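Here is how the chains run, residue by residue.
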Amino acid sequence: MDKIRLIDNNDLLESKVDLLIKSNLNKTVIRDIALEINSSFKESIIVVYAKGKRDTSESNILNRVKNFRETRSIGQFDAVIKYRNGLLFIATYEKLDHSAFKDKAESLIRILRLDPVECFIGISNLHSGLGELGNAINESLFAERTGEVFSGQSHYFNDIGIFSILIPYSRDAWIQNFYDRMIEPIKNYDEKYHTELFNTALKFVEHDGIITKTAEALFLHRNTIRYRINKIKELHHMENSELSFYEQLSIAIKLYKIYTV
């Protein structure tokens, strides 16, 4: 019966989190939903989302939730929820200055015994006001996803750069059309002529567009890399647009990693 109650309670909490992050709600409604999750929530918020690098069963995650609650690792002003095969931690404070934010976040990770070697960790910005809880949760999810894309450990939302835009909008039709326009000509050329343009583009972006480093990574001569990159430019009719070409190729490759991880 205890297990059933835990599952039912967590399913209810998950549905509330879905409502917070997927609906276009005003701050008053968001605040009301937040207080339904925990009526003792304070106004300053940090959200951490952690997901195991290896497959973790729903039962194991729920057991960790139960253990956190029983051992009181989570205080009365906080909440822990199983969410999307991971653990969502909402920590709230009466008042927290931005100068103390990172220290509090790192302390929270230690208290929760989250091992960065074993799991991907995403940390939101500091938010002042329960009406911003939906944004804080999304930020932690996007930061964790960036860790998956880069095989990293922990990421602050404030540090993920262009991924703070690409991840939330990666399924948008316009973004996907852009991706197809950039990637399909390269892959079609590889398939037709049995070349390695796409893999070269991938390494080129991973090494910040530096020919020498790309050549070293692929064990090829620099001139071979230059020839392949110039061929990609030709496929996109961007021979004379060096900066624009790299910007667009870089975004397309980042999208590729989001779609394939």
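On a predicted model such as this, the values are computed, not experimentally measured, just so you know. (Residues numbered from 1 in each chain as written. Predicted model: local features only at pLDDT ≥ 70, side-chain atom pairs only at ≥ 80, totals over all residues. Heavy atoms only, no water.)

S.K.: Looking at this structure, I do not really get the packing of helix 8 (residues 197–206) against helix 9 (residues 211–218). What am I missing?
M.R.: To describe two helices that pack against each other, one gives the angle between their axes and the distance between the axes. At a closest axis distance of 9 Å, the pairing of helix 8 and helix 9 adopts a crossing angle of 125°. Here helix 9 runs oblique to helix 8, going by the angle between their axes. The handedness of the crossing between helix 8 and helix 9 is right-handed. Mapping the contact onto sequence places Asn199, Thr200, Lys203 and Phe204 in helix 8 and Ile211, Thr214 and Leu218 in helix 9. A breakdown of the residues in the contact of helix 8 with helix 9 according to their chemical character gives 3 nonpolar, 3 polar and 1 charged. (Axes fitted to C-alpha atoms, helices over the stretch in contact; angles between N-to-C directions. Helix = DSSP H or I, 4+ residues; strand = E, 2+ residues; numbered from the N terminus. Parallel < 35°, antiparallel > 145°, perpendicular 65-115°, else oblique. Left-handed = near helix turned anticlockwise from the far one by under 90°. Contact = heavy atoms within 4.5 Å. Nonpolar A, V, L, I, M, F, W, Y, C, P; charged D, E, K, R; others polar.)

S.K.: I'm lost on the environment of Phe89 in this one. Help?
M.R.: The residue Phe89 is located in strand 3 (residues 86–93) in this model. Considered as a pair, Phe89 and Leu202 are 113 residues apart in the sequence and their alpha carbons are 35 Å apart.

S.K.: Help me understand unusual backbone geometry, please; the structure alone is not making it clear to me.
M.R.: Glycine aside, residues mostly have negative phi, and peptide bonds are mostly found in the trans state. Despite not being glycine, Asn85 has its phi angle at roughly 60°, a positive value. By secondary structure assignment, the location of Asn85 is in the loop between strand 2 (79–83) and strand 3. Phi angles above zero are rare outside glycine, and His194 is one such case at about 55°. For His194, the position within the fold is in the loop between helix 7 (173–193) and helix 8.

S.K.: Which parts of the structure should I look at to understand the nonpolar core?
M.R.: Burial of nonpolar side chains together is a common tendency in soluble globular proteins. Ile229, Ile232, Phe245, Leu249, Ile253, Leu255 and Ile258 are the most contacted members of the largest nonpolar core, which totals 35 residues. The set of elements that each furnish at least two residues to this core consists of helix 5 (133–150), helix 6 (163–169), helix 7, helix 8, helix 9, helix 10 (222–235) and helix 11 (242–260). The element contributing the most residues to this core is helix 11, with 8 residues. Discounting residues that sit within four places of it in the chain, Ile253 has contacts with Ile183, Phe198, Ala201, Leu202 and Val205. Of all hydrophobic cores here, the second largest spans 24 residues; its members include Val65, Ala91, Leu112 and Leu114. (Core = buried A, V, L, I, M, F, W, Y, C linked by side-chain atoms within 4.5 Å. Buried < 20%, exposed > 50% of the residue type's maximum accessible area, 1.4 Å probe, protein only.)

S.K.: How should I be thinking about helix 3 (residues 58–71) in this particular structure?
M.R.: Along its 14 residues, helix 3 runs 20 Å from first to last C-alpha, staying within 8% of the 20 Å computed at 1.5 Å per residue. Of the residues making up helix 3, those classed as buried are Ile61, Leu62, Val65 and Phe68. Buried residues of helix 3, viewed axially, fall in a sector of 115°; they line one side. (Expected span 1.5 Å × (residues − 1). Arc of directions from axis to C-beta.)

S.K.: Whenever I open this one, the packing of aromatic side chains confuses me. Can you help?
M.R.: For any pair of aromatic rings, geometry is given as the distance between the ring centres together with the angle between the planes. For the structure on display, the rule yields 7 aromatic pairs. Geometrically, the ring pair formed by Phe101 and Tyr156 is edge-to-face, given 5.9 Å between the ring centres and 75° between the ring planes. Of this pair, Phe101 sits in helix 4 (residues 101–111) while Tyr156 is found in strand 6 (residues 154–156), placing the two residues 55 residues apart along the sequence. Each member of the pair, Phe101 as well as Tyr156, is classed as buried. Seen in terms of ring centroids, Phe150 and Phe163 are 5.1 Å apart; in terms of plane orientation they differ by 75°. Their pairing is edge-to-face. Note that Phe150 is positioned in helix 5 and Phe163 in helix 6, a separation of 13 residues in sequence. (Phe/Tyr/Trp six-rings, centres within 6.5 Å; stacked < 30°, edge-to-face > 60°.)

S.K.: Honestly, a nonpolar patch on the surface in this entry has me stumped. Any pointers?
M.R.: A surface patch of nonpolar side chains, about 300 Å² in accessible area, is lined by Ile162, Ile165 and Tyr169. Structurally, the position occupied by Ile162 is in the loop between strand 6 and helix 6. (Patch = residues over 30% accessible without salt bridge, like charges linked within 9 Å, V, L, I, M, F, W, Y side chains within 5 Å. Areas by Shrake-Rupley, 256 points an atom, 1.4 Å probe, with all protein chains shown as cover. Salt bridge = Lys/Arg side-chain N within 4 Å of Asp/Glu carboxyl O.)

S.K.: Whenever I open this one, the side chain of Thr146 confuses me. Can you help?
M.R.: Here Thr146 is to be found in helix 5. Among the polar contacts made by the side chain of Thr146, one reaches the main-chain carbonyl oxygen of Phe142 at a distance of 3.0 Å. In this structure Thr146 touches His155, Ile160, Phe163 and Ile167, once residues within four positions along its chain are discounted. (Polar contact = N/O pair within 3.5 Å; in protein donor to acceptor, adjacent residues only side chain to side chain.)

S.K.: Which parts of the structure should I look at to understand the pairing of strand 3?
M.R.: Along any regular strand, the residues point their side chains to alternate faces of the sheet. Counting buried residues along strand 3, 8 of its 8 residues qualify, which places the element largely inside the surrounding structure. The alternating pattern of strand 3 places Gly86, Leu88, Ile90 and Thr92 and Leu87, Phe89, Ala91 and Tyr93 on opposite faces, both of which are buried. Sheet analysis places strand 1 (residues 44–52) next to strand 3, joined by 7 bridges and oriented antiparallel. Across the sheet, the residue bridging to Ile45 is Thr92, located in strand 3. Pairing analysis gives 5 bridges linking strand 2 to strand 3, with the strands arranged antiparallel. The partner of Tyr83 across the bridge, within strand 3, is Gly86. Between strand 2 and strand 3, which follow one another and run antiparallel, lie 2 residues, and Arg84 among them has a positive phi close to 50°. (Pairing = 2+ DSSP bridges.)

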